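Breakdown of the fold
Listed here are the chains, written in short residue letters.
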Amino acid sequence: MSDRLLWIKNPLAILVPEGVDARGGLLIADGKIIAHIASGQSPQGEYDVFDASRHVVIPGLINTHHHFYQTLTRAHPDAINKELFPWLQALYPLWTRLTPNALELATQAALVELMMSGVTCASDHHYVYPDGLDDAMDIQAEVARKLGVRMVLNRGSMNMSVKDGGLPPDNIVQDADTILADCERVISKYHCSDEGAMLQVALAPCSPFSVTKQLMKDTAVLAKKCGCALHTHLAETEDENSFCLETMGCRPLDYLEETGWLTDKTWLAHGIYFNDDEIKRLGRAGTGVSHCPTSNMVLASGHCRTRELEAAGVKVGLGVDGSASSDSSNLMEGVRHALMINRLTYDATISHMDAFRWATQGSAQCLGRHDLGALDVGKQADIAMFTLDDLRFSGAHDPLAALVLCGAHTADRVMVAGKWTVEDANPVGVDLAKLRADHGQASKAFQ
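The rules behind each value
Residues numbered from 1 in each chain as written. Predicted model: local features only at pLDDT ≥ 70, side-chain atom pairs only at ≥ 80, totals over all residues. Heavy atoms only, no water. Phe/Tyr/Trp six-rings, centres within 6.5 Å; stacked < 30°, edge-to-face > 60°. Helix = DSSP H or I, 4+ residues; strand = E, 2+ residues; numbered from the N terminus. Buried < 20%, exposed > 50% of the residue type's maximum accessible area, 1.4 Å probe, protein only. Lys NZ or Arg CZ within 6 Å of the ring centre and 35° of its normal. Pairing = 2+ DSSP bridges. Axes fitted to C-alpha atoms, helices over the stretch in contact; angles between N-to-C directions. Parallel < 35°, antiparallel > 145°, perpendicular 65-115°, else oblique. Left-handed = near helix turned anticlockwise from the far one by under 90°. Contact = heavy atoms within 4.5 Å. Nonpolar A, V, L, I, M, F, W, Y, C, P; charged D, E, K, R; others polar. Salt bridge = Lys/Arg side-chain N within 4 Å of Asp/Glu carboxyl O.

Right, let's get into the packing of aromatic side chains. Evaluation of the coordinates by the stated rule reveals eight aromatic pairs. Taking 5.7 Å as the distance between ring centres and 90° as the angle between the ring planes, the aromatic pair formed by Tyr-92 and Trp-95 counts as edge-to-face. Of this pair, Tyr-92 and Trp-95 are both found in helix α1 (residues 84-95), three residues apart, which corresponds to roughly one turn of the helix. When the ring of Phe-209 is compared with that of Phe-243, the centres are 6.2 Å apart and the planes differ by 80°; the resulting orientation is edge-to-face. Of this pair, Phe-209 sits in the loop between β10 (199-205) and α5 (213-226) while Phe-243 sits in helix α6 (residues 238-248), placing them 34 residues apart in sequence. Taking the relative accessible area as the measure of exposure, Phe-209 reaches 4% and is therefore buried. Grouping aromatic residues by their ring pairs yields a cluster made of Tyr-69, Trp-87, Tyr-92, Trp-95 and Tyr-127. Its end group placed over the ring of Tyr-346, Arg-307 keeps NZ or CZ at 5.0 Å from the ring centre.

Structure representation (structure tokens):
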């Protein structure tokens, strides 16, 4: 693509705000959307053209919760057919084998799989730090830079192991001083709060059963000082509720508030087991929830109360969660799963547009990104484009609904900041066969 204007011309269908006529497409310049083109109209001046007449055009999907390293332990025989706590206990010992090279390959595999599913911005919650993996955030930042995808680096942490009454083994946690010092280093090196930022940092202690209360408090103070967001797992299972009541004498949300986390700079993974009063408190605080339907179904965790959360003012985004619990890094697949499980939870009035909203606008709000999540004029040119050429779409009459109901999973084109990162359903500059071979070889260390 040249440096001139780009007209994404005459899409088959396009997901834009209600009342906006963009049937003629979008005009892109300097990494932003600068105009909607109405039906039958053409932009003025000189421009390059991409014929989108075969494409359904949507905002780039935004993944708000993941664990990239877990691509190395998908469908592991020690962990299948288990719920969260026994699933974690089976896999924690294996994850102590994570090396810098394995994390690099896992990050590349996850980001490529996400991009191929239409993702333009991904948040990864990395909290596993065995010996020798001190530069985990640097590894992930470099992979994201090479691929040209936006990323939120979650400097995760665990400092409460089995000997302290926590869940993880002793050789996978760090001490609080080491954690906080590296948090400051990573923020200083990578966090950008500018519009159009490619890299941002969030501070992300893992969970109530793997982190001390003091570390939660200290992390909240540091995040406020540095202007960073906060992220953690919360209210994922009934086991977590029981753990918090038995060890802390309170429910998970009370614990969150005690430690200074109940703010509009926090977004939480899962958020299944909140009661009515807690949902109201979350809404008043402006806190976000990453809905992870695929993982919740695989681990039989439960149903996120998306309708009540949104009604209370809670920001609801979408996440694929760890590739060892969802066994996939495909957010377009997650959009379909979100529609299905929410119809089962509520009724058929949950629509494909709700699922799209969670994966785009809602996810952007969770991450505090006002420049992403919609094909609005002035927003970043982060775009996913799908064709309906496959047999699964034959006979489909509503192109946008067809992406969800008929099971789209691979984007034909993806653009981040005005640059193509996926062309003809292939990631730009990536040898997929080599990545598959190298990642598969690395995974053998976890057998």
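That covers the picture; the talk isn't over yet.
Before going further, it helps to spend a moment on the pairing of strand β15 (residues 383-387). For β15, the tally of buried residues reaches five of five residues, placing the bulk of the element in the interior. On β15, burial covers both faces: Ile-383, Met-385 and Thr-387 on one face and Ala-384 and Phe-386 on the other are all buried. Note: strand β6 (residues 55-59) against β15, five bridges, orientation antiparallel. Bridge pairing in β15 links Pro-59 to Ile-383. Direction of pairing for β15 relative to strand β16 (residues 413-416): antiparallel, over a ladder of three bridges. Looking at β16, one finds that Ala-384 is bridged to Val-414.

This part takes up the packing of helix α4 (residues 176-190) against α5. Put simply, α4 and α5 touch, their axes get as near as 11 Å, and they point 15° apart. For the element pair α4 / α5, the angle class is roughly parallel. As for how α4 packs across α5, the hand of that crossing is right-handed. Taking contact as the criterion, the partners of Ala-176, Ile-179, Leu-180, Cys-183, Glu-184 and Ile-187 in α4 are, on α5, Leu-215, Asp-218, Thr-219, Leu-222, Lys-225 and Cys-226. Residue classes in the contact of α4 with α5 are distributed as eight nonpolar, one polar and three charged.

Counting across every chain of the model gives 28 salt bridges. Across the pair Glu-142 and Arg-145 runs a salt bridge whose closest N-O atoms are separated by 2.5 Å. Of this pair, Glu-142 and Arg-145 both sit in helix α3 (residues 136-147), three residues apart, which is roughly one turn of the helix. With relative accessibility at 32%, the residue Glu-142 sits in the partly exposed group. Residue Arg-145 is classed as exposed on the basis of its relative accessible area, which comes to 56%. Of the charged contacts in the structure, one is a salt bridge between Glu-257 and Arg-281, with a shortest N-O distance of 2.6 Å. With Glu-257 in helix α7 (residues 252-258) and Arg-281 in helix α8 (residues 276-285), this pair connects stretches of sequence that are 24 residues apart. Relative accessible area serves as the criterion here: at 44%, Glu-257 is assigned to the partly exposed category.

A few words on the sheet that holds strand β14 (residues 315-318). The strand order across the open sheet built from eight strands is β7-β8-β9-β10-β11-β12-β13-β14, with neighbouring strands paired in parallel fashion. Each end of this open sheet is capped by a strand with a single partner; those strands are β7 (61-63) and β14. Across the sheet, the mean angle separating the axes of adjacent strands is 25° when strand polarity is ignored. Summarising the sheet, β10 and strand β11 (residues 229-234) pair through two bridges and their orientation is parallel. Bridged to Ala-202 within β11 is Ala-229. Lying over the sheet, α3 contacts β8 (119-126), β9 (150-157) and β10, oriented at roughly 170° with respect to β9.

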